[in-house]
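Residue strings, one per chain:
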Amino acid sequence: MAKKLLIVESPAKAKTIEKFLGSDFAVKSSYGHIRDLEKGNDLGVDVNQGYRPNYVIPPDKHRTVKELREAAAKVEEVWLATDEDREGEAISWHLCEVLGLDAHQAKRIVFHEITKPAIQKAVQNPRNLDLNLVNAQQARRVLDRLVGWELSGLLWKKIKGQLSAGRVQSVAVKLIVEREREIQQFKITPYFRITADFLAPNAQGKTVTFKAEGPERFDNAEGAETFLKKCLGANFAVNNVDVRPTRRKPAPPFTTSTLQQEASRKLGYSVNRTMSIAQALYEQGFITYMRTDSTSLSELAIQSIGDEIVKQYGPRYHETRRFKTKNSSAQEAHEAIRPSYIDNPNAGANRDEQRLYDLIWKRTMATQMADAELEKTTVDIGISTQPGAKLVAEGEVLKFDGFLKVYLEGTDDDEEESQGILPPLKVGQKLDLDHLTATERYTRPPARFTEAALVKKLEELGIGRPSTYAPTISKIMETNRGYVTKESREGEQRIFQILTLKNNQINKTTGKEMTGATKNVLYPSDMGMIVCDFLDNYFKNIMDFGFTAGIERQFDDIAEGKLVWSNMIDSFYKPFHQDVEKTLAEADRASGERILGKDPETGRTILVRMSSLGKPVVQIGTGDELDKKEKPKYANLRPGMTLETVSLQEALESFALPRTLGELDGHEITVNTGRYGPYIKFGEQFISLPKGEDPFEIALERALDLIDAKREADRPVGYFEEQPITKGKGRFGPFVKWTDLYVNIPTRVNFDTITEKQAVELIEAKIEKEANRYIQHWPEEKISIENGRWGPYIRFAKQKPINLPKMDGAKMTAEQARTMTLADVKAIIEKEMPGIFSAKPKAAPKAKAKKKAG
């Protein structure tokens, strides 16, 4: 029987480690964190008692904790082997608290890779918990809860319910918003670039073509044409040849940030996907720890990588390198991401893991390989008719591939062009011109952020740490917040001019190109922009990049024992809380309102703003302009338009809906847009348009196709109690419908092949569940007390569920909830949502003299 219990975070990690330990150890998993700050109606932090956190064991961890306590009671010692970063240290501390271990005496082991030598070495060298690391993580968690709790509550009152804000996520949104505005304000200007194709013999005597460019740009077609005219009848000759040897060095081994960036460029992986795959590779023992900002490699790793390079490619390809981490605050781990065994070039349980492992293996090998040796040639070509002008040809020859034999780092610059090989050229050599071209090009705005580019920017600014990048990006892209979306958009066709000099004649033609096309880039929504502006206006420190980076440095100081964590929180929270209270009292409701002008038909004000439902709308008429009891006229913005860029004419076009497309079986077919998006109305049926289809553009033929598809989908899959059962797909996924009952179809049941028997089983289970749903129900008030997974709760209209208060320090039971009166329940709702029962109907909003369309 085992004498010692070793606790790790994940079952996969436990399974791998168990193979390396003897019978003295039993290995169990905590499945991540076992405690967290209390959620629901409680802040979870006592700001009056030194910011004491109120940690609770979540309901879904009760069983895990029970099993760990039982396992701990059966052994002589409990050892902790959670990850070696601050998060892992905090998990170990929470395990001590829950299992009754002495945090100052508990044995803690750390390792950077899950290999037999590393695990055995760690077991031979246990240490105590580093409470400074625990305090640094605790400070981050408490501060982020305080900021998120107070700012999110403020946004609910000043913009819209269900919104959230956070110390790092709001700054990340600001980066995306600022970049979008840079792009919107960028003035695209045309220019002309000169290129020439020359003919010359190569080393084998065969005539080949090579390119040269004019170093000057011309602002307009006239200047470019003048240049070409001056080249009529000109002779071209080589004025200078400069040959220089150059070397290219390999990139450092991967950190968390650079792995996310390179996996995005080369494999098309999202940041979250990359980290999930890397986690699996680490837990299987294939790679070292994946949350790190260090570029260093252990001496043993450097030696084994060098041996593998010599073995595979020979000694000339090997060059020992020791990389130093540029980031002075690097603290997440002690080594870069690398394969655990470099002599294993292939690993992974599936294609995703295999591709990421291959990337890590190649990058790691390249770090210890020799420089690539190149020869760069630059040739100046003179023009006889323009002594002051020249054309320049550049070429590059790879003399020794070095690390390029294995790996070349990617780039975010999609304009980078590789240089070809030039034929042998010498000074004074006459050149034959094939043709000379002046091509119209356009200046380009800054590129929108990809996920990986955003991580790179956050790292450059010192915002966040390796463990926070992926969660931050996932948070700002959550659909219920709607701040940022990742999209690929089609560009627009653009005509450009081409002037060509060939055979002593100048011809003018045009070409076509696509401009503005994007792939998997981050766009801020109107809501994201409004929230960003609101926070930037009232909380400049929170939204300041330098201030946010400064907070990260304070966390580092806490980790090093230089700063008391509660003092750091106190110095931040008190002025912050005062700003929240002031904003709550003084700030107007933010809607992003922008007046565009007057409606030509009515003369009333036309404006755009965010509705209370969080939808960007066009509004005609304001309070002062409307008759008594008259309401403004509204329309949703057309797809692709934003509050900041929509013009008056585009806004007016938004009122083209509903559109009548035609008739079918005596029923009118119309297309419109509503609360849940665009739809086709046919008789009494409403058919949602598929994502990406524009209600302003859809034709009758497409509408008929959708109606036919809907009819096919609505054909009964069977009957229950003599009533038809139909199926469909809605906002929350596939479902079956019987009378007025909708039942979600679980993933274990195939939507396309669902049988009558399966549908009936789902319906019967739903009926039984609904019968046990209500503890008390007041339908006319839209209020109920319902049974939930974690106990009874209040549901009011379509608001977020409300937790019931505790009784005698424990959660209220269903029996206790049955004794509550409607008045008791209303009092709880009123406390949670002040004024909800006394709120008066809103009057039509009045226009404010804000930004006018330019």
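Preceding this paragraph is the structure being described.
Since this is a predicted model, take the numbers as computed values, not measurements.

Quick notes on the rules
Residues numbered from 1 in each chain as written. Predicted model: local features only at pLDDT ≥ 70, side-chain atom pairs only at ≥ 80, totals over all residues. Heavy atoms only, no water. Helix = DSSP H or I, 4+ residues; strand = E, 2+ residues; numbered from the N terminus. Pairing = 2+ DSSP bridges. Patch = residues over 30% accessible without salt bridge, like charges linked within 9 Å, V, L, I, M, F, W, Y side chains within 5 Å. Areas by Shrake-Rupley, 256 points an atom, 1.4 Å probe, with all protein chains shown as cover. Salt bridge = Lys/Arg side-chain N within 4 Å of Asp/Glu carboxyl O. Lys, Arg positive; Asp, Glu negative; His and termini not counted. Charge placed at Lys NZ, Arg CZ, Asp CG, Glu CD. Buried < 20%, exposed > 50% of the residue type's maximum accessible area, 1.4 Å probe, protein only. Phe/Tyr/Trp six-rings, centres within 6.5 Å; stacked < 30°, edge-to-face > 60°. Lys NZ or Arg CZ within 6 Å of the ring centre and 35° of its normal. Expected span 1.5 Å × (residues − 1). Contact = heavy atoms within 4.5 Å. Core = buried A, V, L, I, M, F, W, Y, C linked by side-chain atoms within 4.5 Å.

Asker: Describe unusual backbone geometry, listing the residues and the values that go with them.
Answerer: Residues Leu 657 and Pro 658 are joined by a peptide bond in cis, for which omega reads 0°. Inspection of the secondary structure puts Pro 658 in the loop between helix 17 (648-653) and strand 23 (659-664). With phi around 50°, Asn 503 is a residue other than glycine that occupies positive phi space. Note on placement: Asn 503 falls in the loop between strand 16 (492-502) and strand 17 (505-515).

Asker: Describe the pairing of strand 25 (residues 677-682), listing the residues and the values that go with them.
Answerer: Relative to strand 25, strand 24 (residues 667-674) runs antiparallel, the two sharing six bridges. Among the inter-strand pairings, Thr 670 is bridged to a residue of strand 25, identified as Lys 681. By the bridge criterion, four bridges tie strand 25 to strand 26 (residues 685-688) in an arrangement that is antiparallel. If you follow Ile 680 over to strand 26, its bridge partner there is Ile 687. Here strand 25 folds back onto strand 26, and the loop between the two strands holds two residues, one of which, Gly 683, carries a positive phi near 65°.

Asker: Could you give an account of a positive patch on the surface, with specific residues and numbers?
Answerer: Together, Lys 615, Arg 675, Arg 731, Lys 782 and Lys 798 give the surface a local cluster of positive charge. As for its placement among the helices and strands, Lys 798 is situated in the loop between strand 33 (793-796) and strand 34 (802-803). Classification of Lys 798 as exposed rests on a relative accessible area of 73%.

Asker: Outline the packing of aromatic side chains, listing residues and values.
Answerer: As enumerated under the stated definition, the model contains 19 aromatic pairs in all. Ring centres 5.2 Å apart and planes at 65° place the aromatic pair Tyr 282 and Tyr 289 in the edge-to-face group. Judged by relative accessible area, Tyr 289 falls into the buried class, the value being 0%. The rings of Tyr 51, Phe 539, Phe 547, Phe 572, Tyr 573 and Phe 576 are connected pair by pair, giving a single aromatic cluster. Between the NZ or CZ atom of Lys 266 and the centre of the ring of Tyr 407, over which it lies, the distance is 5.2 Å.

Asker: Lay out the sheet that holds strand 2 (residues 25-29) with the relevant residues and their values.
Answerer: Here we have four strands laid out as an open sheet, ordered 2-1-7-8, and parallel in their pairing. Each edge of the open sheet is held by one strand with a lone partner, namely strand 2 and strand 8 (107-108). Here four bridges tie strand 1 (residues 4-8) to strand 7 (residues 77-80), and the two strands are oriented parallel to one another. Residue pairing in the sheet places Lys 4 in a bridge with Glu 77 of strand 7.

Asker: Requested: an account of the pattern of salt bridges, with residues and values cited.
Answerer: Applying the stated rule across the entire model yields 64 salt bridges. Residue Arg 321 pairs with Asp 371 through a salt bridge whose shortest N-O separation is 2.5 Å. Placement of Arg 321 in the loop between helix 10 (299-313) and helix 11 (351-367) and of Asp 371 in the loop between helix 11 and strand 12 (372-383) is noted, with a sequence separation of 50 residues between them. For the pair formed by Arg 321 and Asp 371, the shared burial category is buried. One salt bridge connects Arg 494 with Glu 513, and the closest N-O pair in it is separated by 3.0 Å.

Asker: Which residues make up helix 16 (residues 565-586), and what values go with them?
Answerer: In this model, helix 16 (22 residues) spans 32 Å end to end at C-alpha, consistent with the 32 Å of a helix rising 1.5 Å per residue. Check the buried side of helix 16 and you find it contacts strand 5 (52-53), helix 5 (131-158), helix 14 (526-538) and helix 15 (545-559).

Asker: Account for the nonpolar core, naming residues and giving values.
Answerer: Of all hydrophobic cores here, the largest spans 152 residues; its most connected members are Phe 111, Leu 356 and Ile 569. In terms of residue count, the dominant contributor to this core is helix 5 (11 residues). Among all residues touching Leu 356, those that are not within four sequence positions of it are Leu 259, Ala 263, Leu 267, Tyr 269, Thr 274, Ile 277, Ala 278 and Leu 281. Ala 234, Ile 383, Leu 391 and Leu 431 belong to the second largest nonpolar core, which has 29 residues in total.

Keep in mind these numbers describe shape, not what the thing actually does.
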